Amino acid sequence: DAGVIQSPRHEVTEMGQEVTLRCKPISGHDYLFWYRQTMMRGLELLIYFNNNVPIDDSGMPEDRFSAKMPNASFSTLKIQPSEPRDSAVYFCASSLADNYNSPLHFGNGTRLTVT
Amino acid sequence: SQQGEEDPQALSIQEGENATMNCSYKTSINNLQWYRQNSGRGLVHLILIRSNEREKHSGRLRVTLDTSKKSSSLLITASRAADTASYFCATDENDYKLSFGAGTTVTVRA
């Protein structure tokens, strides 16, 4: 199994531009999570999906952030317009079942720099 | 919000020594998990301990859980240079959310 695949690995963009981060979860996993990691705030859960349906997006910082999961094998996190404070590493993770029983499998992240 | 808090923030040890780090959390949990993150990589799951378990082993890892004190510890025995990484505890809040602590950075000196 290739694991969770995220693209791109690095993204550098200018303030105001649209950014789209992509994630392919592990096949058969029911849950997909988007996290953001910064030195100041650590790992923050942004949103998670169950069977392609968004369950909890209370961690999404602003309306500039949106996430979709059109099918079981693909999810996107979009920031429009991007701002310098969005600079962070964004991780996608998937799990087979709920957190009571299953660990999260993380991708290697997308390092986003907004100048 | 961060449910778990790791202690210490950083730890430097000699190869072959043991490394111990602690995690405290605030609310009741169903399970507690430990993850490792190598520089520039995603988190990797190490071990899961359920609320009705007190101790669990996996290779050179030993995890304890004390629900009365709302705390857990991770012990890495006979450390190796490859154990250099950040270690995070994670607890389930409600509704299947997993909340991570700030992490302990472990450096193993050769």
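Before reading on, note that the structure itself is shown above.
I will try to describe carefully the structure that is included in this document. Note that this is a predicted model, so its numbers are computed, not measured.

All right, on to the overall build of chain B then. Across its full length, chain B carries zero helices and 11 strands. Helices and strands in chain B line up, N terminus first, as β-β-β-β-β-β-β-β-β-β-β. For a compact globule of 110 residues, the expected C-alpha radius of gyration is about 13 Å, and chain B comes in at 13 Å, within 12% of that figure. Taken over 110 residues, chain B has a buried fraction of 45%.

All right, on to the sheet that holds strand β1 (residues 5-7) of chain B then. Residue and element names in this part refer to chain B. The strand order across the open sheet built from five strands is β1-β3-β8-β7-β6, with neighbouring strands paired in antiparallel fashion. Of all strands in the sheet, those bounded by a partner on one side alone are β1 and β6 (55-58). Strand-to-strand twist in this sheet, taken as the mean axis angle between neighbours without regard to direction, amounts to 20°. Examined bridge by bridge, β6 and strand β7 (residues 61-66) share four bridges and lie antiparallel to one another. By the bridge assignment, Lys56 is partnered in β7 with Val63.

Attention shifts here to the environment of A:Ile26. Residue and element names in this part refer to chain A. Position of Ile26 relative to the elements: it lies in the loop between β3 (19-24) and β4 (31-38). Residue class for Ile26 comes out buried when judged on its relative accessible area of 9%. Between the alpha carbons of Ile26 and Phe74 there is a distance of 9.8 Å; along the sequence they are 48 residues apart.

Between chain A and chain B, the contact holds 23 residues from the first and 20 residues from the second. For the pair chain A and chain B, the interface holds zero salt bridges. Mapped onto the side of chain A that touches chain B, the elements with two or more residues apiece are β4 and β5 (42-50) of chain A. Of the residues in the side of chain A that touches chain B, the class split is 11 nonpolar, eight polar and four charged.

It is worth spelling out the nonpolar core at this point. Membership of the largest hydrophobic core comes to 22 residues, with the highest contact counts inside it found for B:Met21, B:Leu32, B:Trp34, B:Leu46, B:Leu74, B:Ile76 and B:Tyr87. Residue assignment for this core shows that the elements contributing at least two residues are β2 (10-14), β3 (19-24), β4 (31-37), β5 (43-50), β7, β8 (71-76), β9 (85-92) and β11 (104-109) of chain B. With 21 residues, the next largest nonpolar core counts A:Leu21, A:Cys23, A:Leu32 and A:Phe49 among its residues.

This part is about the state of the cysteines. Residues and elements named next belong to chain A. Applying the stated rule across the entire model yields two disulfides over all chains. Between the sulfur of Cys23 and that of Cys92 lies a disulfide, 1.9 Å long from S to S. In this structure the cystine formed by Cys23 and Cys92 twists about its S-S bond by roughly -65°; its chirality is therefore left-handed. Placement of Cys23 in strand β3 and of Cys92 in strand β9 (residues 88-95) is noted, with a sequence separation of 69 residues between them. Look at Cys92 and you get buried, because its relative accessible area is 0%.

Residues and elements named next belong to chain B. Positionally, Thr64 belongs in strand β7. A polar contact of 2.5 Å, which involves the side chain of Thr64, links it to the side chain of Ser73. Discounting chain neighbours no more than four positions away, the residues touching Thr64 are Ile49, Arg54, Glu55, Ser71, Ser72 and Ser73.

Let us look at the side chain of A:Ser102. Along the chain, the position of A:Ser102 falls in the loop between β9 and β10 (105-106). Excluding residues that lie within four positions of it along the chain, A:Ser102 makes contacts with A:Ser95, A:Leu96, A:Ala97 and B:Gln33.

Residue and element names in this part refer to chain A. The sheet built from four strands is open, its strands ordered β1-β3-β8-β7 with antiparallel pairing. Two strands bound the open sheet, and with one partner strand each, they are β1 (5-7) and β7 (65-71). Strand-to-strand twist in this sheet, taken as the mean axis angle between neighbours without regard to direction, amounts to 15°. Summarising the sheet, β7 and strand β8 (residues 74-79) pair through five bridges and their orientation is antiparallel. Along β8, the bridge assignment pairs Phe65 with Ile79.

Analysis parameters
Residues numbered from 1 in each chain as written. Chains lettered and ligands numbered in written order. Predicted model: local features only at pLDDT ≥ 70, side-chain atom pairs only at ≥ 80, totals over all residues. Heavy atoms only, no water. Helix = DSSP H or I, 4+ residues; strand = E, 2+ residues; numbered from the N terminus. Rg over C-alpha atoms; globule rule 2.2 N^0.38 Å. Buried < 20%, exposed > 50% of the residue type's maximum accessible area, 1.4 Å probe, protein only. Pairing = 2+ DSSP bridges. Axes fitted to C-alpha atoms, helices over the stretch in contact; angles between N-to-C directions. Contact = heavy atoms within 4.5 Å. Salt bridge = Lys/Arg side-chain N within 4 Å of Asp/Glu carboxyl O. Nonpolar A, V, L, I, M, F, W, Y, C, P; charged D, E, K, R; others polar. Core = buried A, V, L, I, M, F, W, Y, C linked by side-chain atoms within 4.5 Å. Disulfide = S-S within 2.5 Å. Polar contact = N/O pair within 3.5 Å; in protein donor to acceptor, adjacent residues only side chain to side chain.

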